[in-house]
Amino acid sequence: KPSSVESSLVMDDDDVVDQDAIMAEVDDVEIPVESVTNVLYSWGKGIQSLHDDSEDRSILNVGDTESNNAKVASRLESKSILAIATGQNHSVCATAQGTTYVVGTNLHGCVDPNLAEGSNCYRPQLFESLSSVRVVQVSCGYDHTAALSSNGSVWTWGSNTHGQLGHRINNNNNNVNRDGTSASLFEGPTRCRPTGMALGKGRRASVVACGTHYTLVLTTHMSLLACGKPLIAGHRELSEWGMPKQLPTLVGLPLVGVAAGDGHAVVITAHGTAFVWGENRHSCCGREYPAELTVPLAMKLSSNQSSSLEGSDGLTIADELAIQDAACGLEHTILVTRSGRLLVCGNNNFGQLGIATSELKSSKALKSVNHPNGGRFVSTEAGYGHSLMLDDAGDVWMTTQNGIECILTGKSALAIAAGGNNSAVITAAPSGAKLLKRQFSMEEIEDPTSIVDAVHGMIEDLEGGKGNETNLSQEIARKSEELLRYPSYLNSLFVNPKQLDTLFERLLHACSADVMQELARAFERGLKGGLDSLRDTRLIHPEAVRCLLQYILFFDIRRDESIVFDLHGETISTFCDTILSLPFEGYKALHSFATLHYTGSLFVKMLVKPLLRTLNVCASHTVDENEVEHFNPSRQAVPVIVAVLSWLYAMAEEQNLAKPADFYSDAVSEINVDTLFSDLYSMKRASPHERSKHFYITQHPFLLSPGCKRNLLQMESQVSQYKAMIGDLHMSESTNDITVEPFFHLEIERDYLVEQTLECMKQADPKDIRKRLRVSFKGEEGLDAGGVTKEFFQLLSEELFDINSGLWSNKYGDEMNWFNSDNTWDEKGYEMIGVLFGLALYNNVLLDVRFP
């Protein structure tokens, strides 16, 4: 039966669970655990700490924990503690049964809104307002508190003056009137009851962290929601005041860790990068200036530290620099690397950086601090003027004015907490059990790696004929859609694109035609969802943008022409618009990752070919029996697809990643030459401003095959020759007869082929050169119907491209021509070659010349 305090719980309409789900937690099947409880140590201010009295406690007899008065002998002693948190004014803990205990000064209701304002709760007491919610993690702010439940919802209570509780506020809620008030001046109510944060539909929390007047929530989809003071949570319109929202520059980052301090915050990505923002007091953000970081920036490394990076793509980071945990204090920051050392910055007036105050007063840049005994730190917590560290041996270390000292050893510590001037530690039970165990069931959350492994496993079942094909295909489609729907998932995976290519090829080969169509629908839904989540964001970090490159491969589902996919081109249009709207930093990051990782055949196979196939589909058309053309409904996407291909072509040309032939489009090359020439004619007549506003396919000649270019050039030459001929019309004044000379005549002696050709070209009227060429050899009879002209060009090219002429070198082999850099005496030879090329192409003659 629900508790009598159930009515005090409020769940926002936008949250992830409803009231039925809340009560379902109470009926979960219990998981038996040892009857022996773990041990809680607490020290700091008596009223605000997890003590059973109001006495201030300190760590005495460092290293001698048997006589340490920090060990808690209280009503919590009989409880198996699952999670702890402590702050400047209060502390909170959650037990293995999911119940919550609170203690401290009830500032604005942060301990219990039902208690008097400012009253003191001297002993940890059961927080009955959450008795029907099973809590797995807790966090304390300055005057508010947050609890994460087993179903992924977040409950907050206390002060909401800055919107830090993430509650929806309207004119009819809590008697608050916002009419005519600006968002920057509006203040919310205090002493708010526990209410579910409005996380948004489908979102579940995995971690919650409270700072001073703000709250950060890390979701199971590796994204961050923030609410509270604008410097941390961003500015809001009045209609969205206090609502948790994502920060635009963090969208897409695969976030796995979060830390909240007094005025600054840190998030950690799956690849080990730490991003910081907020107040930069005493350079706690790892840089000397500015005074405030309004957007998250990567923690700044020194030049010596940067040299330890394993790659320049921002993803492959050495263990000495890859961050796995972080803590933010009042004016300092502590980072724990995967190698087990600390990187610290900010104020060190109390030795909170782990460096003796006699050696360092503050640090404007990250400094390295090693474990005193050569061990590895695994996690850290920070108070206002002190820091705690837990190492891989289960020992707890604390910063002092003399550096880092061990305060609990041999106790197998499981969790640590620090906040304000208070600290707490959970150690293993005397029986030796070294796990924090809960006594209730909880739905397992799939991480991206497990999703990929599951897909590979189901593909193996399909290939081996195991299981039901329909069920397997539906589950594969569901998981594939989930990977695509959340960019952070993709950004945490497939650092080596070959892994994604392998998975995609296995999907194509293992699935039947019906399964492929189901898969295509899942791909389309996932891509639309993922791209929609990137709207109104600012993708500037390498770890956030590379999902765009991964998305391209999934458009290659069109490899099978029977598959119906993105019929109206909406998905590919949105995708291309997302790439084309990237800020400079995002473009640079994407360029760097593509050139570093999509090497060899991967660049063409995973980036170019899928877009070319999509372009071919969108640009295709049919002609009915009445010779009426019918264009593909996705034709609208052609300009943006071509724009992205232009970007890839420039990249390939710069880095030698692909051949020109890899970009030829069959659909574009098959466009009627008259249509192409009309496009070319319009493009040439257009001003630069008009060209920027209109799309001309001929402005992107890399898509045209050599045959198509030759036909287009031939038509252009014919039109030009015709204009030249018409412009040379003459009318006799006496007879009114019209005469016209349609040809440019060139009469040459075979023995002086080069010299006479060059001389004739110099003396010719430029208008005559634009006419069709007709060649004759002196002393030889015969009409030039094209054969003599071809012979002329052949003889001329053989003489000009002879290696013995001194104009060319064979540095690329005997079959290739390249310029001789030592040739300084025959400038006319190169001039003649330019004339030869121009004249030959203009007259539709191909020369047998091979350049590298």
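Please read all numbers here as calculations on a predicted model, not as lab measurements. (Residues numbered from 1 in each chain as written. Predicted model: local features only at pLDDT ≥ 70, side-chain atom pairs only at ≥ 80, totals over all residues. Heavy atoms only, no water.)

Draft legend 1. Examining the overall build of the protein chain more closely. Within the protein chain one finds 21 helices and 35 strands. Classification of the 852 residues of the protein chain by burial places 54% in the buried group. A separation of at least 24 residues holds for 62% of the contacts in the protein chain among residues at least 6 apart in sequence. Per element, the accessible surface of the protein chain, about 38200 Å² overall, is 48% carbon and sulfur. (Helix = DSSP H or I, 4+ residues; strand = E, 2+ residues; numbered from the N terminus. Buried < 20%, exposed > 50% of the residue type's maximum accessible area, 1.4 Å probe, protein only. Contact = heavy atoms within 4.5 Å. Areas by Shrake-Rupley, 256 points an atom, 1.4 Å probe, with all protein chains shown as cover.)

Draft legend 2. Local environment of the sheet that holds strand E26 (residues 413–419). Spatially, the three strands line up as an open sheet ordered E2-E27-E26, and their pairing is antiparallel. Both edges of this open sheet fall to strand E2 (39–43) and E26, since each of them pairs with a single strand only. Neighbour to neighbour, the strand axes of the sheet diverge by 10 degrees on average, direction disregarded. (Pairing = 2+ DSSP bridges. Axes fitted to C-alpha atoms, helices over the stretch in contact; angles between N-to-C directions.)

Draft legend 3. Structural detail: unusual backbone geometry. Backbone torsion omega between tyrosine 289 and proline 290 reads 5 degrees, so that peptide bond is classified as cis. Along the chain, proline 290 falls in the loop between strand E16 (274–279) and strand E17 (292–298). Positive phi, normally seen in glycine, also occurs at methionine 222, with a value near 65 degrees. Residue position: methionine 222 is located in the loop between strand E12 (214–219) and strand E13 (224–228). Exposure remark for methionine 222: the relative accessible area of 8% places this residue in the buried category.

Draft legend 4. Spotlight on the packing of aromatic side chains. Scanning the model with the defined rule gives 17 aromatic pairs in all. Relative to phenylalanine 565, the ring of phenylalanine 555 has its centre 5.9 Å away and its plane inclined at 80 degrees; by these criteria the two rings are edge-to-face. Of this pair, phenylalanine 555 sits in the loop between helix H9 (542–554) and helix H10 (570–580) while phenylalanine 565 sits in the loop between H9 and H10, placing them ten residues apart in sequence. Summarising the aromatic geometry, the rings of phenylalanine 555 and phenylalanine 575 are spaced 5.5 Å apart at their centres and angled 50 degrees between planes, so their arrangement reads as tilted. One end of the pair, phenylalanine 555, is in the loop between H9 and H10; the other, phenylalanine 575, is in helix H10, and 20 residues separate them in sequence. Residue phenylalanine 555 is classed as buried on the basis of its relative accessible area, which comes to 0%. Overall, phenylalanine 575 belongs to the buried group, its relative accessible area being 0%. Among the aromatic side chains, those forming a connected cluster through ring pairs are Phe504, Phe523 and Phe554. The ring of phenylalanine 777 is capped by arginine 750, whose NZ or CZ atom sits 4.0 Å from the centre of that ring. Taking NZ or CZ as reference, arginine 774 lies 3.7 Å from the ring centre of phenylalanine 743, over its face. (Phe/Tyr/Trp six-rings, centres within 6.5 Å; stacked < 30°, edge-to-face > 60°. Lys NZ or Arg CZ within 6 Å of the ring centre and 35° of its normal.)

Draft legend 5. Quick peek at the nonpolar core. In this structure, Leu216, Trp277, Leu548, Phe575, Phe603 and Leu645 are the most contacted members of the largest nonpolar core, which totals 134 residues. With eleven residues, the single largest contributor to this core is helix H12 (residues 602–619). With residues near it in sequence (within four places) discarded, leucine 548 still touches Leu531, Leu534, Leu539, Phe575, Thr578, Ile579, Leu582 and Leu590. Residues Ala764, Met832, Leu836 and Leu847 belong to the second largest nonpolar core, which totals 26 residues. (Core = buried A, V, L, I, M, F, W, Y, C linked by side-chain atoms within 4.5 Å.)

Draft legend 6. Structural detail: the sheet that holds E12. Reading across from one edge, E11-E12-E13 is the order of the three strands in this open sheet, with antiparallel pairing throughout. Each end of this open sheet is capped by a strand with a single partner; those strands are strand E11 (205–211) and E13. The sheet shows a mean angle of 15 degrees between the axes of neighbouring strands, taken without regard to direction. Sheet topology note: the E12/E13 ladder contains five bridges and is antiparallel. Bridged to leucine 218 within E13 is leucine 224.

Draft legend 7. Fine view of the pattern of salt bridges. Applying the stated criterion across every chain yields a total of 29 salt bridges. Put simply, arginine 485 and glutamate 481 hold a salt bridge, and the shortest N to O gap is 2.6 Å. In this pair, arginine 485 and glutamate 481 are both assigned in helix H5 (residues 469–485), four residues apart and thus about one turn of the helix distant. Glutamate 481 sits in the buried class, given a relative accessible area of 14%. Of the charged contacts in the structure, one is a salt bridge between lysine 605 and aspartate 501, with a shortest N-O distance of 3.1 Å. (Salt bridge = Lys/Arg side-chain N within 4 Å of Asp/Glu carboxyl O.)

Draft legend 8. Spotlight on helix H20 (residues 787–800). In this model H20 runs 20 Å from its N-terminal to its C-terminal C-alpha over 14 residues, within 8% of the 20 Å that 1.5 Å per residue would give. Restricting attention to buried positions, one finds in H20 the residues Thr789, Phe792, Phe793, Leu796, Ser797 and Leu800. The arc enclosing the buried residues of H20, seen along the axis, measures out at 120 degrees, which places them on a common side. (Expected span 1.5 Å × (residues − 1). Arc of directions from axis to C-beta.)

Draft legend 9. Region of interest: the packing of helix H4 (residues 448–463) against helix H7 (residues 497–510). The contact between H4 and H7 brings their axes to 10 Å, and the two run at 30 degrees. The angle between H4 and H7 places the two elements in the roughly parallel class. Classified by chirality, the crossing of H7 by H4 is left-handed. Packed against H4, whose contacting residues are Val452, Val455, His456, Ile459, Glu460, Leu462 and Glu463, the element H7 presents Leu503, Arg506, Leu507 and Ala510 at the interface. The residue inventory of the contact of H4 with H7, partitioned by class, reads seven nonpolar, one polar and three charged. (Parallel < 35°, antiparallel > 145°, perpendicular 65-115°, else oblique. Left-handed = near helix turned anticlockwise from the far one by under 90°. Nonpolar A, V, L, I, M, F, W, Y, C, P; charged D, E, K, R; others polar.)

Draft legend 10. Representation of the packing of H7 against H12 in the model. Closest axis-to-axis distance for the H7/H12 pair is 11 Å, and the angle between their directions is 65 degrees. H12 is crossed by H7, and the crossing has left-handed handedness. From H7, Pro497, Lys498, Leu500, Asp501 and Glu505 reach across to H12, where they touch Leu602, Lys605 and Met606. Here the residues of the contact of H7 with H12 sort into four nonpolar, no polar and four charged.

Draft legend 11. Seen up close, the pairing of E26. Taken across its seven residues, E26 has six buried, putting it largely inside the fold. Strand direction decides the pairing type here: E26 and strand E27 (residues 422–427), joined by six bridges, are antiparallel. If you follow alanine 418 over to E27, its bridge partner there is serine 423. Linking E26 to E27, which pair antiparallel, is a turn of two residues; within it glycine 420 sits at a positive phi near 60 degrees.

Draft legend 12. Region of the structure containing empty space enclosed by the protein. Using the criterion set out here, one finds two cavities of 30 Å³ or more in the structure. Quantified by volume, the second largest cavity comes out at close to 70 Å³. Val455, Ser480, Leu483, Leu484, Leu490, Phe494, Leu500, Leu503, Leu507 and Phe554 are the residues that line the second largest cavity. Here the lining of the second largest cavity is built from residues that sort into nine nonpolar, one polar and no charged. (1 Å grid on protein atoms, 1.4 Å probe; cavity = no way out; pocket = protein on both sides within 12 Å on 5 of 7 lines; lining within 4 Å. Points joined across faces, edges and corners; volume = space filled by probe spheres on them.)

Draft legend 13. Highlighting a nonpolar patch on the surface. A cluster of nonpolar side chains, Tyr722, Ile726, Leu729, Ile738 and Val740, forms an exposed patch at the surface whose accessible area comes to about 470 Å². In this structure, tyrosine 722 sits in helix H17 (residues 706–726). (Patch = residues over 30% accessible without salt bridge, like charges linked within 9 Å, V, L, I, M, F, W, Y side chains within 5 Å.)

Draft legend 14. Structural context of the environment of lysine 684. Turning to its location among the elements, lysine 684 is positioned in helix H15 (residues 673–685). Accessibility expressed as a relative area gives 47% for lysine 684, which makes it partly exposed. Along the backbone, lysine 684 and threonine 698 are 14 residues apart, and their C-alpha atoms lie at a distance of 9.7 Å. The residues contacting lysine 684, other than those within four sequence positions of it, are Arg691 and Glu716.

Note that every value here comes from positions in space, so none of it alone points to a role or purpose.
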